[in-house]
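# Structural characterization, general
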Amino acid sequence: MTRFPGYPFASHWHAHPGGLRQHYVDEGAGAPVLFVHGNPSWSYLWRRPILALRDRFRCVAPDHIGMGLSDKPAAREYDHTFASRVDDLDALVGHLIARGAPERGWTLVMHDWGGPIGMAWACRHPGRVARLVVLNTAAFPSPHGERVRLPLRAPLWVLRRTRLGARLFLRHNLFARGATWRPLGVRRRMPADVRAAFLAPYDRPEHRVAVQRFVHDIPLRPGDRAWPLLEGTGRRLDRFAGLPAFVGWGLRDPVFDPAMLAEWRRRLPHARVEVCRRAGHYLLEDAHERFVPAIRAFLTET
């Protein structure tokens, strides 16, 4: 397997019905911690927390189908939807439980699309979830309502609705590249080898389909395909309000803004909250020195 800086992990795969293989990291022993990434990242995002936690916890970090080191099917070969991601996660965790992982006591660590995917899975199995770690994500309809925030409105329309958007995704890999640039995804420059590792899975157009489809599937309003699942997940979050929770937030995120942080504070009123004013969307890149120890402290103290 190709090695990436700071990612010295053995690879594991789970074969889903139809033959698609989902890659995941499975490191350490102890209470299970499930890391759920978003778009366009992959399990490489979690390398530092896994290294910091695997001495005391079992760290499981899958790559969504079409992303990271997982298989990358064409659009016609896989249903690239929010619901399919939840099904995949459910199947993987069920596979691990069948092979001896505990059924209960899972900690969910979520970023970006990992929030709605992880919390939709948690709503299926609320008894399995013991703790939550929420990092620049959402699991509820936008507190801004149906309107996309003004700086994002035109770019999102282009990416979702036009042929130019398709070319930018598939031919030029603009979305994945942009997520590693200042100031879109990070506030401090990524080292060249780290940036290359984030981009490595999306090395040619046919490997970028999942990145494109994630953006197409963003539920902005009733009528969007993913809206019922997101809205239903948001309505059920109250059942997790009493769990130990950690909310880490980079305030320089152009998408997951202070209004979304305020919504998490409202929904998880007892959460431990750590905010970094200088961190962007990839807060574990911008401020890992602050957030990785904070996450470890939260898990060991609760």
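Summarised in this report is the structure supplied together with it. Worth saying up front: this structure is predicted, and the values here are computed from it rather than measured.

Among the nine residues of strand β6 (residues 129-137), eight are classified as buried, and the element is accordingly described as predominantly covered. Of the pairings in the sheet, the one linking strand β5 (residues 106-112) to β6 comprises seven bridges and is parallel in character. Bridging across to β6, Val 109 finds its partner in Val 133.

Running from N to C, helix α3 (residues 114-124) and helix α9 (residues 227-236) point in directions that differ by 65°, and their axes come no closer than 9 Å. Crossing of α3 against α9: the hand is left-handed. For the pair formed by α3 and α9, the contact residues are Pro 116, Met 119, Ala 120 and Cys 123 on the first element and Leu 229, Leu 230, Thr 233 and Arg 236 on the second. Of the residues assigned to the contact of α3 with α9, the class counts are six nonpolar, one polar and one charged.

This paragraph deals with the side chain of Gln 212. Along the chain, Gln 212 turns up in helix α8 (residues 209-216). In contact with Gln 212, other than residues within four places in its own chain, are Ala 166, Phe 169 and Leu 170.

On to the environment of Asp 26, then. Mapped onto the elements of the fold, Asp 26 is located in strand β2 (residues 21-27). Along the sequence, Asp 26 and Ala 61 sit 35 residues apart, while their C-alpha atoms lie 6.7 Å from each other. Once residues within four sequence positions are removed from consideration, Asp 26 is found in contact with His 12, Arg 58, Cys 59, Val 60 and Leu 96. There is a polar contact of 2.6 Å between the side chain of Asp 26 and the side chain of Arg 58.

Those residues of helix α5 (residues 163-170) lying buried are Gly 165, Leu 168 and Phe 169. Along α5, the residues classed as buried sweep out an arc of 100° about the axis, all on the same side.

Attention now moves to helix α7 (residues 192-199). Of all the positions in α7, only Val 194, Ala 197, Phe 198 and Leu 199 are classed as buried. The secondary structure elements touched by the buried residues of α7 are α1 (47-53), α6 (174-179) and α11 (283-286).

Let's shift gears to the sheet that holds β6. Hydrogen bonding along the main chain pairs the strands of a sheet, whether they run parallel or antiparallel. Across the sheet, eight strands lie side by side as β1-β2-β4-β3-β5-β6-β7-β8; this open sheet has mixed pairing. This sheet does not close on itself; its edge strands, each paired only once, are β1 (12-15) and β8 (272-276). Here the strands of the sheet are splayed against their neighbours by 20° on average, with no regard to which way each runs. Pairing of β1 with β2 involves four bridges; the strand directions are antiparallel.

Once that is clear, we can look at the environment of Ala 120. Residue position: Ala 120 is located in helix α3. When the C-alpha positions of Ala 120 and Asp 90 are compared, they lie 9.8 Å apart, and in sequence the two are 30 residues distant. Filtering out sequence-adjacent residues up to four positions away, Ala 120 remains in contact with Phe 82, Val 86, Leu 229 and Thr 233.

In this section: the nonpolar core. The nonpolar side chains of a soluble globular protein tend to be buried with one another. By size, the foremost hydrophobic cluster in this structure holds 91 residues, and its most contacted members are Leu 108 and Met 119. Here the element with the most residues in this core is helix α2 (residues 82-98); it accounts for seven residues.

Here we come to a nonpolar patch on the surface. Taken together, the side chains of Leu 174, Trp 181 and Leu 184 define a hydrophobic patch exposed on the protein surface, amounting to about 260 Å² of accessible area. Checked against the element boundaries, Trp 181 lands in the loop between α6 and α7.

On to the environment of His 144. On the secondary structure map, His 144 appears in the loop between β6 and α4 (150-161). Taking relative accessible area as the criterion, His 144 reaches 35% and is therefore assigned partly exposed. It is 40 Å that separates the C-alpha atoms of His 144 and Gly 28, two residues lying 116 residues apart in sequence.

Applying the stated criterion to the full structure yields 15 aromatic pairs. Ring centres of Phe 4 and Tyr 44 lie 6.3 Å apart, and the angle between their planes is 65°; on these two criteria the pair is classed as edge-to-face. Of this pair, Phe 4 sits in the segment before β1 while Tyr 44 sits in the loop between β3 (31-36) and α1; the two residues are 40 residues apart in sequence, bridging distant segments of the chain. Tyr 44 gets classed as buried once you look at its relative accessible area, which sits at 0%. Summarising the aromatic geometry, the rings of Phe 169 and Phe 175 are spaced 5.7 Å apart at their centres and angled 40° between planes, so their arrangement reads as tilted. The ring of Trp 13 has Arg 21 sitting right over it, with the charged end atom 4.6 Å from the ring centre. Across from the ring centre of Tyr 44, 4.1 Å away, lies the NZ or CZ of Arg 47, which sits over that ring.

Each value, and the rule that gives it
- Residues numbered from 1 in each chain as written.
- Predicted model: local features only at pLDDT ≥ 70, side-chain atom pairs only at ≥ 80, totals over all residues.
- Heavy atoms only, no water.
- Buried < 20%, exposed > 50% of the residue type's maximum accessible area, 1.4 Å probe, protein only.
- Helix = DSSP H or I, 4+ residues; strand = E, 2+ residues; numbered from the N terminus.
- Pairing = 2+ DSSP bridges.
- Axes fitted to C-alpha atoms, helices over the stretch in contact; angles between N-to-C directions.
- Left-handed = near helix turned anticlockwise from the far one by under 90°.
- Contact = heavy atoms within 4.5 Å.
- Nonpolar A, V, L, I, M, F, W, Y, C, P; charged D, E, K, R; others polar.
- Polar contact = N/O pair within 3.5 Å; in protein donor to acceptor, adjacent residues only side chain to side chain.
- Arc of directions from axis to C-beta.
- Core = buried A, V, L, I, M, F, W, Y, C linked by side-chain atoms within 4.5 Å.
- Patch = residues over 30% accessible without salt bridge, like charges linked within 9 Å, V, L, I, M, F, W, Y side chains within 5 Å.
- Areas by Shrake-Rupley, 256 points an atom, 1.4 Å probe, with all protein chains shown as cover.
- Salt bridge = Lys/Arg side-chain N within 4 Å of Asp/Glu carboxyl O.
- Phe/Tyr/Trp six-rings, centres within 6.5 Å; stacked < 30°, edge-to-face > 60°.
- Lys NZ or Arg CZ within 6 Å of the ring centre and 35° of its normal.

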